[in-house]
Amino acid sequence: MSVMSIEKIVEQALQDGYLTPVMEAEVGRICDNASELSIEEYMALDRLMGSLLTGEVVAVPRKQFINVMEELVLTEAIARVAEIEATSESSLDVGDIAAYALNRLPPLYATTEEGANFQRQHGKAELQELISQQVSEAISRSLNRPNDDRKPVVGKTTGNEVLRQVSALLETYAPQFEQKTH
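All values reported here derive from a predicted model rather than from experimental measurement.

## Digging into the overall build of the protein
When helices and strands are tallied, the protein shows 7 helices and 4 strands. Its helices and strands taken in sequence order, the protein reads α-β-α-α-β-β-α-α-β-α-α from the N to the C terminus. The contacts in the protein between residues at least 6 apart in sequence include a share of 77% that link residues at least 24 apart. Surface accessibility of the protein: about 11,500 Å² in total, with carbon and sulfur atoms responsible for 52%.

As C-alpha cells, then:
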C-alpha cells in the first residue's frame with residue numbers, strides 16, 4: 001500500500017467493508033507522526049470508529065493462519081543461543097537470528113490445528129537439517145557483525161485492539177477538535 005491519507009484509508013475501508021492490518025498500521029503511523037489532526041482527519045476517524053462499532057467495517061484479524069516454520073526456527077534458535085551464551089561472553093538477538101533464517105527457508109503455513117501438526121511433522125522430518133544450517137549461518141553472521149544501533153520493529157497489535165486504538169486516538173485529538181470548532 002502506498003502512503004495514503006486517513007480519509008482515503010477510511011474511504012477504502014468503508015468501500016471494502018474491511019480494515020486490514022496494513023490500513024490500521026498506516027492510520028496509526030499518520031497519527032503518531034502528526035502534531036495534530038485536521039477536522040477532516042478527525043471526522044474520518046470518527047466515521048471509522050462508528051462503522052467498526054456497527055460492524056459495517058470489520059477489522060481483519062492479523063493472523064488467520066500461522067507459519068509453523070517460525071515455531072521450528074525459534075525453537076532451534078533459542079536452544080542454540082542459550083548454548084552459546086552459557087559458554088561465552090557473547091550476547092545474541094534471537095529475533096535477528098530467527099529473521100535471517102526464516103528469510104532463507106520455505107514457509108509452512110496452516111489454518112487449522114491438524115494442518116499445523118502436519119506441517120510441524122513435515123518440517124521436522126524433511127527440513128530440520130536445513131533449519132539447523134540456516135540458524136548456524138545466522139548465528140555466525142551475528143557474532144561477526146553485531147548491529148546494536150538498529151531500531152527494532154515496534155510490536156504489532158491484535159485485531160481486537162483496533163477499536164481501543166481508534167478510540168484512544170479520538171480521545172487524544174477530540175479536545176483539540178472541540179476547541180477549534182467553538
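And the narrative resumes.
## Description of helix α5 (residues 94-102)
Those residues of α5 that fall on the buried side of the exposure criterion are Ile97, Ala98, Tyr100 and Ala101. In an axial view of α5, the angular spread of the buried residues amounts to 160°, which keeps them on one side of the axis. Where α5 is buried, its residues meet α4 (68-87) and α6 (113-144). A distance of 2.7 Å separates the backbone nitrogen of Gly95 from a side-chain oxygen at the start of α5, and that oxygen is part of Asp93.

## Examining the packing of helix α1 (residues 6-16) against helix α2 (residues 21-33)
Each packed pair of helices is defined by two parameters, the angle between the axes and the distance between the axes. Between α1 and α2, whose axes approach to 10 Å, the crossing angle comes to 160°. What the angle tells us is that α1 and α2 run roughly antiparallel. Judged by the sense of rotation from one axis to the other, the crossing of α1 with α2 is left-handed. Between α1 and α2, the residues in contact are Ile6, Ile9, Gln12 and Ala13 and Met23, Glu26, Val27, Ile30 and Cys31, respectively. Class assignment of the residues belonging to the contact of α1 with α2 gives a composition of 7 nonpolar, 1 polar and 1 charged.

## Overview of the nonpolar core
If you look at the biggest cluster of nonpolar residues, it comprises 20 residues, and the most contacted ones within it are Met69, Val73, Ile97, Ile131 and Val135. Residue contacts for Val73: discarding those within four places in its chain leaves Ala98, Ala101, Leu102, Leu105, Ile131 and Val135. If you look at the next biggest cluster of nonpolar residues, it comprises 16 residues, including Met4, Val10, Leu19 and Ala44.

Definitions and limits used
Residues numbered from 1 in each chain as written. Predicted model: local features only at pLDDT ≥ 70, side-chain atom pairs only at ≥ 80, totals over all residues. Heavy atoms only, no water. Helix = DSSP H or I, 4+ residues; strand = E, 2+ residues; numbered from the N terminus. Contact = heavy atoms within 4.5 Å. Areas by Shrake-Rupley, 256 points an atom, 1.4 Å probe, with all protein chains shown as cover. Buried < 20%, exposed > 50% of the residue type's maximum accessible area, 1.4 Å probe, protein only. Arc of directions from axis to C-beta. Polar contact = N/O pair within 3.5 Å; in protein donor to acceptor, adjacent residues only side chain to side chain. Axes fitted to C-alpha atoms, helices over the stretch in contact; angles between N-to-C directions. Parallel < 35°, antiparallel > 145°, perpendicular 65-115°, else oblique. Left-handed = near helix turned anticlockwise from the far one by under 90°. Nonpolar A, V, L, I, M, F, W, Y, C, P; charged D, E, K, R; others polar. Core = buried A, V, L, I, M, F, W, Y, C linked by side-chain atoms within 4.5 Å.

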